[in-house]
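Architecture at a glance
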Amino acid sequence: MKQVICINWGTKYGPPFINRLYAMVARNITPPFRFTCFTDNTAGIRAEVDCQPLPEIAVEIPKTKRGIWPKARLWGPRLGDLTGNVLFLDLDLVVTGPLDDFFTYGDPDQVILSRNPAKPFERIGQTSCFRFPVGKLAPMQEIFMANPQKVAEEYVWEQRFVTRNAPGGIDLFPRAWVRHFRYQCLPTFPLNWFVAPRLPRDTRVVIFPGGVYPEVAIKGGWAGREGFTLAEHIRNIPNRPAKEGSLWRYLRHYTKPSDWVAKAWRE
């Protein structure tokens, strides 16, 4: 049985993202499979999704300016009623190809992460899409729970902590399987002003860390100015938000609409 899991808390994502992720998985996996969502609210989630409560953790999840740590709930000795290997998928990724090989690749007892192109000089994995045996990460959760805030501040990103502390070390999925939208699909500036993002060959999952989400990729523009044409992007320079930083950074932050994202990111 192939087991796919996701986690949802609060109101940022919710049923539309969960239902869409289930549909993308179902179209790209060979049955039998089980799709489990650990969530604090089951309202509006399609019946095919196995909804289970958020796993309990005996500490307060730390809040930092950059890292997000609620996935620490998944690291315990138990994970609902699941056993064996599970493939975790972020709610805001796009499935573009077959998933079956994610369940057979490498050592079944090892933690296997996606590659992280944002840190090319640091061997750090990406946990937007990763596989692990239930209970394998329990020693890592113990380290985290001893001082969550210190761990969060020291490692900054949860995926760096997993990379450095997973029992037995980690492996990485093949580079072609999981692609980062901004780093590996979006053309380099200034080509991104004129050329739509491409889907690299053999890509199976596209991840969206860093503020550009699938809905932005579909409409074009950038986060906070979805659907902007290039002319609107340029005219908006005097009104650019402070969080954009320098003018150079603002100018680079633009994408043309991505038809292939729209075709894949649907129920």
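Residues numbered from 1 in each chain as written. Predicted model: local features only at pLDDT ≥ 70, side-chain atom pairs only at ≥ 80, totals over all residues. Heavy atoms only, no water.

As named in an unreviewed UniProt entry, the protein is Glycosyl transferase, taken from Paenirhodobacter populi.

Moving on, we get to the pattern of salt bridges. Under the definition given, this model contains 11 salt bridges. Linking Asp-81 and Arg-34 is a salt bridge whose minimum nitrogen-to-oxygen distance equals 2.8 Å. On the criterion of sequence distance, the pair formed by Asp-81 in the loop between strand S3 (50-53) and strand S4 (85-89) and Arg-34 in strand S2 (residues 33-39) is long-range, its members being 47 residues apart. Classification of Arg-34 as partly exposed rests on a relative accessible area of 25%. A salt bridge links Glu-154 to Lys-150; the shortest N-O distance between them is 3.5 Å. Within this pair, Glu-154 and its partner Lys-150 are both found in helix H3 (residues 148-155), separated by 4 residues, close to a single helical turn. One salt-bridge network, held together by shared partners, links Arg-34, Asp-50 and Asp-81. (Salt bridge = Lys/Arg side-chain N within 4 Å of Asp/Glu carboxyl O. Helix = DSSP H or I, 4+ residues; strand = E, 2+ residues; numbered from the N terminus. Buried < 20%, exposed > 50% of the residue type's maximum accessible area, 1.4 Å probe, protein only.)

Assignment of secondary structure puts Leu-74 in the loop between S3 and S4. Taking the C-alpha atoms as reference points, Leu-74 and Pro-238, separated by 164 residues in sequence, lie 44 Å from one another. Discounting residues that sit within four places of it in the chain, Leu-74 has contacts with Ile-5, Ile-7, Phe-38, Pro-55, Leu-79, Phe-88 and Phe-132. (Contact = heavy atoms within 4.5 Å.)

Domain boundaries in the protein define domain 1 (2-173) and domain 2 (179-264). Inter-centroid distance (C-alpha atoms) of domain 1 to domain 2 is 25 Å. Across the contact, 19 residues belong to domain 1 and 17 residues belong to domain 2. At the boundary of domain 1 with domain 2, total buried surface from both sides reaches about 1500 Å², with 63% on carbon and sulfur atoms. Contact with domain 2 buries area across many residues of domain 1, yet Val-94, Thr-96 and Pro-117 alone supply 37% of it, more than any other trio. For the salt bridge of Asp-101 with Arg-204, the shortest nitrogen-to-oxygen distance reads 2.9 Å. The tally of links from domain 1 across to domain 2 stands at 7 residue pairs in polar contact (both at pLDDT 80 or more). Among the elements that take part in the side of domain 1 that touches domain 2, helix H1 (residues 15-27) stands out by supplying 3 residues, more than any other. (Domains from an automatic or database assignment. Buried area = accessible area lost by both parts, 1.4 Å probe. Polar contact = N/O pair within 3.5 Å; in protein donor to acceptor, adjacent residues only side chain to side chain.)

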